[in-house]
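What follows is the residue order along each chain.
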Amino acid sequence: MKKIVFILFIFLACRLVAQDVISQPAEKIAAIEQKAAERKANVVNSSVASANFNVDYYRCEWNINPARYFISGSVTTYFTITQKTNQVTLDLAKKLTVDSIKMRNTKLLFSQTNKDGLAITLPKKYKKNERDSFSVFYHGAPVESGAFTQTKHKNTPVIWTLSEPYGAKDWWPCRNGLDDKCDSIDIYITHPARYKASSNGILVSEAPANNDKNEVVSYYKHRYPIASYLVAIAVTNYSIMYDTVQLGNKKLPVTSYIYPESLSDFESRTHYMLQAIPLFDSMYGQYGFIKERYGQTQFSWGGGMEHQTNSFVTSTSEDLMAHELAHQWFGDKITCGSWQDIWLNEGFATYSADFLYMRTFSPTYYPGYISGDLNYIVSKPDGSVFVDDTSSFNRIFDSRLTYNKGAFLLRMLEWTLGSNTFFKGLQKYYTDPKIAYGFARTADFQRNMEAVSGLDLNYFFDQWFYGQGYPTFTVYWSQNANNYVNLVIKQTTSHPSVNFFKLPLELVFKNGSQEKRIVIDINQKVQQAAYNIGFQATELLIDPDKQVISKDNTAVKLGPNADTAP
């Protein structure tokens, strides 16, 4: 999802200057999303699905009329038993009514639990690695959690879904955790013929329904592993846009479902998203769903959501479209293995949109993005990228920490390793067979970056992922007649969880016509150094390009013969 921030006045002004390029400030989009997340705060947020089976495939057959807040249909689950058992449990909100569960022509016993579980008794005791399937037939008005939403656009009804993080069970029976992806999925949506349905994968067909209600069945096929929270549907009177993007020797279809009243806006601005696809493809690795397509579906929530192959977006904000697109690499093909590590989704997408995309296509506005993200991170003295409370929606989707600080963690890692090594590490992570099309933890990312760089990065992740706060530097400097500068660099930290930040710090010496850049590896709280910079400097800048998270840095010039600081 798109980041959520309440805007500082200065940063808002910076972003508003860029309105000819970016139609809506990223932080404004994010603020709306945080409010939406807050509305989910009282929703039961744990999975009770049993660990004794894996899902191989879902066949979903749903009946949707956007004019009615209701869902009915069936979900057929093909599974593989992982522990000897005669019972499995799916996640499903108790508010939905299960009519029956069938294994071919046999009805199975089941019970719905208070904790939103659906316990199913199998017809025999299955051995490990045995495979079978059953179909859950159900109906009802889903839990009003924001996962299944009915609203209107221009007085036309629309129903759309957004399940992250815990909402899939609120509208369909599935495994709701970050421990299993089905290998593929088929989705059949029966809906009134005057509407269009949007979902994951490829639209295979739209055929008249076998009834007298003037309905059609839209059939979507997706043949890649997918997490349950990334499955989505939307139904309304969509207009459809068709584009293509050349990626190497392959042409990727890009299909977007847009409200008719917004079509001209999307037609004139979707090129911003189209130009980002080859950028991410070249920098990270091949688009993970190259055999199918990418697309966007307009919805009415606020911000966006990276549904696999089909991001749901509210607007043509350049930043928003780039952010949700980047999730197809980081969030969809590789999905965080715990909400503690949600930065692997959101920090990576924020880095891709705010830094990589902006410095490539909008360099004029790039410094504003850097300053805005940094100012927001240091607006408070504490907070880790690591999510210490996954029961809190606000904590999971904390825009300052998960999004902005997570993105800046990557910016600092690029600064520390160098761009060439950094992107080689990202490519290795993205193609790692242990996690590709599966789930990753921060340790997996660190392992890949260490393999490429040859460095032990424990200190880096202890400081910036698990640790809280940031450093402040005071640099005392003097210069003698021979152009030597003497430096004493002192560091204080904003939070006691990190006593000292080890990092490369850039210092820039200047006068009216000359400039000298020096990078010092800071490895102690008080550090001394001396350099011949070749000219008499009048000014010292500390980290002028904002490569590291820090605040209130101060350069203090001493007398020409001083070699120590107060």
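Keep in mind that this is a model prediction, so the values were computed, not measured.

1. So, the sheet that holds strand S24 (residues 484–493)
Here we have four strands laid out as an open sheet, ordered S27-S24-S23-S29, and mixed in their pairing. With one partner strand each, in any of the chains shown, strand S27 (526–532) and strand S29 (554–557) form the two edges of the open sheet. Geometrically, the sheet is characterised by an average inter-axis angle of 20° between neighbouring strands, direction not taken into account. Bridge count between strand S23 (residues 471–479) and S24: nine bridges; the pairing is antiparallel. The residue of S24 that forms the bridge with Gln-479 is Val-485.

2. Overview of the sheet that holds strand S9 (residues 148–153)
Spatially, the four strands line up as an open sheet ordered S9-S10-S15-S12, and their pairing is antiparallel. Each edge of the open sheet carries a strand with a single partner, namely S9 and strand S12 (196–199). Averaged over all neighbouring strand pairs, the angle between strand axes comes to 15°, with direction disregarded. Where strand S10 (residues 156–161) meets strand S15 (residues 233–236), two bridges bridge the pair, whose relative direction is antiparallel. Each residue of the ladder has a partner; that of Ile-159, found in S15, is Val-235.

3. Some thoughts on the packing of aromatic side chains
Within this structure, the stated rule accounts for 51 aromatic pairs. Measuring from ring centre to ring centre gives 4.3 Å for Tyr-188 and Tyr-219, while their planes differ by 0°; the resulting arrangement is stacked. A residue pair is termed long-range when its members are at least 10 positions apart, and Tyr-188 in strand S11 (residues 184–192) and Tyr-219 in strand S14 (residues 215–222) qualify at 31 residues. Of the residues examined, Tyr-188 reaches a relative accessible area of 18% and is grouped as buried. The ring of Phe-355 has Arg-411 lying over it, and the distance from NZ or CZ to the ring centre is 5.5 Å.

4. With respect to helix H6 (residues 343–361)
Residue Ser-352 marks the point of greatest curvature in H6, where the axis turns by about 35°. Counting buried positions along H6 yields 16 of 19 residues, so the element is predominantly enclosed.

5. Quick look at helix H9 (residues 399–417)
Across its 19 residues, H9 extends 26 Å between first and last C-alpha, which sits within 8% of the 27 Å expected from 1.5 Å per residue. The principal kink in H9, of about 30°, is found at Lys-405. Within H9, 17 of the 19 residues are buried, which leaves it mostly tucked inside the rest of the structure. Where H9 begins, the side chain of Asp-398 points an oxygen toward the backbone nitrogen of Arg-400, at a separation of 2.9 Å.

6. Re the pattern of salt bridges
Under the definition given, this model contains 19 salt bridges. Between Arg-59 and Glu-61 there is a salt bridge whose closest N-O contact spans 3.3 Å. Among the salt bridges present, the one from Arg-517 reaches Asp-545, with a minimum N-O distance of 3.1 Å. Pair noted here: Arg-517 is in strand S26 (residues 515–522) and Asp-545 is in the loop between strand S28 (539–542) and S29, with a separation of 28 residues, a long-range link. Several salt bridges share partner residues, and in doing so they unite Glu-506, Glu-515, Arg-517 and Asp-545 into one network.

7. Observations regarding the state of the cysteines
This model, assessed by the stated rule, comprises zero disulfides. Cys-60 forms no disulfide, and the closest cysteine sulfur to it belongs to Cys-182, at a distance of 8.0 Å.

8. Brief notes about the pairing of S15
Judged by which residues are buried, S15 turns out to be covered on both faces: Ile-233 and Val-235 on one side and Ala-234 and Thr-236 on the other are all buried. Pairing analysis gives four bridges linking S12 to S15, with the strands arranged antiparallel. Counterpart to Ala-197 in the pairing with S15 is Val-235.

9. Regarding the nonpolar core
The biggest cluster of nonpolar side chains holds 159 residues, and the ones touching the most others in it are Trp-62, Phe-134, Trp-172, Phe-445 and Phe-509. In terms of residues, this core owes the most to one element, H6, which gives 10 residues. One finds Ile-258, Phe-266, Val-313 and Leu-320 within the second-largest nonpolar core, a separate group that totals five residues.

The rules behind each value
- Residues numbered from 1 in each chain as written.
- Predicted model: local features only at pLDDT ≥ 70, side-chain atom pairs only at ≥ 80, totals over all residues.
- Heavy atoms only, no water.
- Pairing = 2+ DSSP bridges.
- Helix = DSSP H or I, 4+ residues; strand = E, 2+ residues; numbered from the N terminus.
- Axes fitted to C-alpha atoms, helices over the stretch in contact; angles between N-to-C directions.
- Phe/Tyr/Trp six-rings, centres within 6.5 Å; stacked < 30°, edge-to-face > 60°.
- Buried < 20%, exposed > 50% of the residue type's maximum accessible area, 1.4 Å probe, protein only.
- Lys NZ or Arg CZ within 6 Å of the ring centre and 35° of its normal.
- Bend = angle between axes of the 7 residues up to and from the residue.
- Expected span 1.5 Å × (residues − 1).
- Polar contact = N/O pair within 3.5 Å; in protein donor to acceptor, adjacent residues only side chain to side chain.
- Salt bridge = Lys/Arg side-chain N within 4 Å of Asp/Glu carboxyl O.
- Disulfide = S-S within 2.5 Å.
- Core = buried A, V, L, I, M, F, W, Y, C linked by side-chain atoms within 4.5 Å.

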